[in-house]
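Residues per chain are reported as follows:
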Amino acid sequence: MPAELFMPFVMVLVAALLPLQLLPAMIWAERKVSAFIQDRTGPNRADILGIRLGGVIHSIADVVKLIAKEDMTPSKVNSFYYSLGPFLALFISLIPFSIIPLADTLKIGGAAIPLRAVTLDVGILFILAITSFHVYAVVFAGWASNNSFSLLGGLRSAAQMVSYELGLGLSLVGMIMVAQTLDLNEIVRQQGGTIFGILPAWNVFLQPLGFLIFVVSIFAETNRNPFDLPEGESEIIGFHVEYSSMRFAFFFMGEYIAIIGGSAVVATLFLGGWQVPFFDTEMLRENAMLAARIAFGSTAALCVLLSIILMAYDKKLQALYTDKRRFEARVLLGIVVTLGAGAVGGLLFLPTLSSLGEQIVTAIVQNTFLVGKILLFCFFFIWVRWTLPRFRYDQLMNLGWKTLIPLALLNIFLTGVALVLFDRGA
Amino acid sequence: MMIGVKKIGKPMDIKERSYLFEIARGMMTSIRHFIRNVLNQGAMPTLQYPEEKRVLPERFRGRHRLMQREDGTPRCVACFCCQTACPADCISIEATERDDEGEKVAARFDINILRCVFCGLCVEACPCDAIRMDTGMYELADTNRENLIYDLNTLLRH
């Protein structure tokens, strides 16, 4: 079966490209959301031929700037570890995507084709192991820079990450006790169906305490506000003070990809992964025609909505600008109308799906829901960052050791009691 | 006198120490701002500056101008009041005699706008209402310093 031979390569490519594609969007969202939360407009000046896309072009300008900058290496650094740090930061944050199941397993001619790059039975352990590797990047960078400040930053980061690793691991134990498996696809599959017929049976509803601890710990693991002490920009003690140009960009990208990866892990473990709420895989496959119609229909509806917004935007641009920027809305409107026409065409001329077609449609719908959940959680990351102030170091340690770990142990105990009472543990 | 420590506020209770409720309140505040600004971007106070400009108040002090009499000659009588009043020492005047009436008149009237602090004391000091700052010009940037020393003709033109 050729599909079995080439699908792993395709999936590796998808798993690597998905976070890298989300990265510029994430950086754009960070700027724009922070601006809107603070009553500012955010970036909107950089343009290519007048197309500004509300500031997306700034990400491209950033890349050009960072590549064109001088790549400084301070004279007395340990150059091997100094160079290794940024590469590790980016590389390790990309790895968790390799085992996130992007959709339910395809069945082609009796052969099962898993839609993930690496099929591992110990998925959760792998994720935890890889996340702990992240601290090496920070420690290498902090130590090899030969700078007391970056060393301090690296030390603080190491202490923080090691502390919160415990909470991260323990918070998952309760969930594993319920799921009775470490395989990520199996965990996602178990989150289908409903609780009491109203709530989707996601782990977030089964393990609310575990979810809370996991989310707090993943914030600390990704060095994200309110736990971004390793970076500590206002105290100027960060592990990457000595880095410039693309090496700094690698840390930057690594941080954002770690956020996207963390969101993917949270979505998979607690928010149902690729599960479409109230519709399991079999039901989707039976109704694949309907699903495809709904997908095309909602795309068309979205295009109509976008066109209305763009027409209002065009009016504003015509009043404001006299140069090439005034035509932006019209160009975008053309693209949107083309897309909408394509969606309508797809809706009208949809062929009858074969069994394989049904499975592919199902996979696409499930993957859309997974990406949607990831994006929502990414938004949550940004939202928290622009709301909360940074923790003090002792508060951070107190929260980690004295609150989260006891709570995680309590969660394990409660889960155990519940399992014994409802007789699911045996 | 003893220096006492005044404790303001009460210690945090269990609800506040759990962070969760306070964090939720903070998050609600920021999402409220976010939603409001997404739905109505025009309501944000930001001006798209070079395209949109602020409406200046009537008494805004901009670049100086020198007033003219009805016959087109400068009102300035070179009394040096403005030069004396100027705290930034940016005005320099050279006086000369006027041909017909024997009155003094400025031969040179230079304002070094790089030094000017836009305080308006020269306008208050002027006995003849010859100097005003009501042009509303504030985009005075240039690429060389010589262009920013305005002479008599430049000041009279506006």
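These numbers were taken from a predicted model, which means no experiment stands behind them.

**Quick notes on the packing of helix 11 (residues 288-320) of chain A against helix 12 (residues 328-348) of chain A**
All names here are of chain A.
Item 1. Running from N to C, helix 11 and helix 12 cross one another at 165°; their axes reach a closest spacing of 8 Å. One finds that helix 11 runs roughly antiparallel with respect to helix 12. The two elements helix 11 and helix 12 cross, and the hand of that crossing is left-handed.
Item 2. Taken together, the residues of the contact of helix 11 with helix 12 sort by class into 17 nonpolar, six polar and four charged.

**Some points on unusual backbone geometry**
Residue and element names in this part refer to chain A.
Item 1. Phi at Asp39 takes a positive value of approximately 60°, unusual for a residue other than glycine.
Item 2. Here Asp39 falls in the partly exposed class, since its relative accessible area comes to 22%.
Item 3. Located in the positive-phi region is Ser245, a residue other than glycine, with phi close to 55°.
Item 4. With respect to the helices, strands and loops of the structure, Ser245 is situated in helix 9 (residues 245-269).
Item 5. Ser245 sits in the buried class, given a relative accessible area of 5%.

**Points about the environment of A:Arg189**
Item 1. As for its placement among the helices and strands, A:Arg189 is situated in helix 6 (residues 184-190).
Item 2. Not counting chain neighbours up to four residues away, the residues in contact with A:Arg189 comprise A:Asp104, A:Thr105, A:Trp274 and A:Gln275.

**Re the layout of surface pockets**
Item 1. Taken as a whole, the largest pocket holds about 1500 Å³ of empty space.
Item 2. Those elements that provide at least two residues to the lining of the largest pocket are helix 1 (2-37), helix 11 and helix 12 of chain A together with helix 2 (20-39) of chain B.
Item 3. No other element matches helix 11 of chain A, which puts 10 residues into the lining of the largest pocket.
Item 4. In terms of residue class, the lining of the largest pocket is made up of 23 nonpolar, seven polar and five charged.
Item 5. Split by domain, the residues of the lining of the largest pocket number at least three in each of domain 1 (3-278 + 353-425) and domain 2 (294-348) of chain A.
Item 6. Together, 31 residues line the second largest pocket, and A:Val216, B:Ser18, B:Tyr19, B:Leu20 and B:Ile23 are the ones closest to its centre.
Item 7. Elements supplying a minimum of two residues to the lining of the second largest pocket: helix 8 (208-221), helix 13 (355-385) and helix 14 (393-421) of chain A together with helix 1 (14-17) and helix 2 of chain B.
Item 8. Taken together, the residues that form the lining of the second largest pocket break down as 24 nonpolar, four polar and three charged.

**Some words on the side chain of A:Thr181**
Residue and element names in this part refer to chain A.
Item 1. Among the structural elements, Thr181 can be located in the loop between helix 5 (148-179) and helix 6.
Item 2. For Thr181, a relative accessible area of 16% corresponds to the buried category.
Item 3. At a separation of 3.0 Å, a polar atom in the side chain of Thr181 contacts the main-chain amide nitrogen of Asp183.
Item 4. Other than its neighbours up to four places away in sequence, Thr181 contacts Ile176, Glu186, Ile187 and Gln190.

**Considerations on the sheet that holds strand 2 (residues 91-97) of chain B**
Hydrogen bonds along the backbone pair up the strands of a sheet, which may run parallel or antiparallel.
Item 1. Read across the open sheet, the three strands follow the order 2-3-5 (chain B); overall the sheet is antiparallel. For this open sheet the edge positions go to strand 2 and strand 5 (149-150) of chain B, each flanked by a neighbour on one side alone.

**A few points about empty space enclosed by the protein**
Residues and elements named next belong to chain A.
Item 1. For the structure shown, the criterion picks out five cavities of 30 Å³ or more.
Item 2. The calculated volume of the largest cavity comes to roughly 180 Å³.
Item 3. The wall of the largest cavity is formed by 17 residues, among which Pro96, Thr131, Thr222, Ala258 and Gly262 lie closest to the centre.
Item 4. Of all elements in the fold, only helix 3 (79-94), helix 4 (123-144), helix 8 and helix 9 reach the threshold of two or more residues within the lining of the largest cavity.
Item 5. Here the lining of the largest cavity takes five residues from helix 4, the largest share from any one element.
Item 6. Counted by class, the lining of the largest cavity contains 10 nonpolar, six polar and one charged residues.
Item 7. By volume, the second largest cavity amounts to about 120 Å³.
Item 8. Sort the elements by how many residues they give to the lining of the second largest cavity and helix 9 lands first, with four residues.

**Some details on the environment of A:Leu17**
Item 1. Checked against the element boundaries, A:Leu17 lands in helix 1.
Item 2. With 80 residues separating them along the chain, A:Leu17 and A:Phe97 place their C-alpha atoms 9.6 Å apart.

**A look at the confidence of the model for chain B**
Item 1. Put simply, chain B has an average pLDDT of 88, and 97% of its residues get 70 or more.
Item 2. When the elements of chain B are averaged for pLDDT, helix 1 of chain B gives the smallest value, 78, and helix 4 (residues 121-125) of chain B the largest, 94.

**Considering the environment of A:Ala61**
Item 1. Along the polypeptide, A:Ala61 turns up in helix 2 (residues 57-68).
Item 2. Note: C-alpha distance between A:Ala61 and A:Ala46 (15 residues apart in sequence) is 7.4 Å.

Rules used in this analysis
Residues numbered from 1 in each chain as written. Chains lettered and ligands numbered in written order. Predicted model: local features only at pLDDT ≥ 70, side-chain atom pairs only at ≥ 80, totals over all residues. Heavy atoms only, no water. Axes fitted to C-alpha atoms, helices over the stretch in contact; angles between N-to-C directions. Helix = DSSP H or I, 4+ residues; strand = E, 2+ residues; numbered from the N terminus. Parallel < 35°, antiparallel > 145°, perpendicular 65-115°, else oblique. Left-handed = near helix turned anticlockwise from the far one by under 90°. Nonpolar A, V, L, I, M, F, W, Y, C, P; charged D, E, K, R; others polar. Buried < 20%, exposed > 50% of the residue type's maximum accessible area, 1.4 Å probe, protein only. Contact = heavy atoms within 4.5 Å. 1 Å grid on protein atoms, 1.4 Å probe; cavity = no way out; pocket = protein on both sides within 12 Å on 5 of 7 lines; lining within 4 Å. Points joined across faces, edges and corners; volume = space filled by probe spheres on them. Domains from an automatic or database assignment. Polar contact = N/O pair within 3.5 Å; in protein donor to acceptor, adjacent residues only side chain to side chain. Pairing = 2+ DSSP bridges. pLDDT = per-residue confidence, 0-100.

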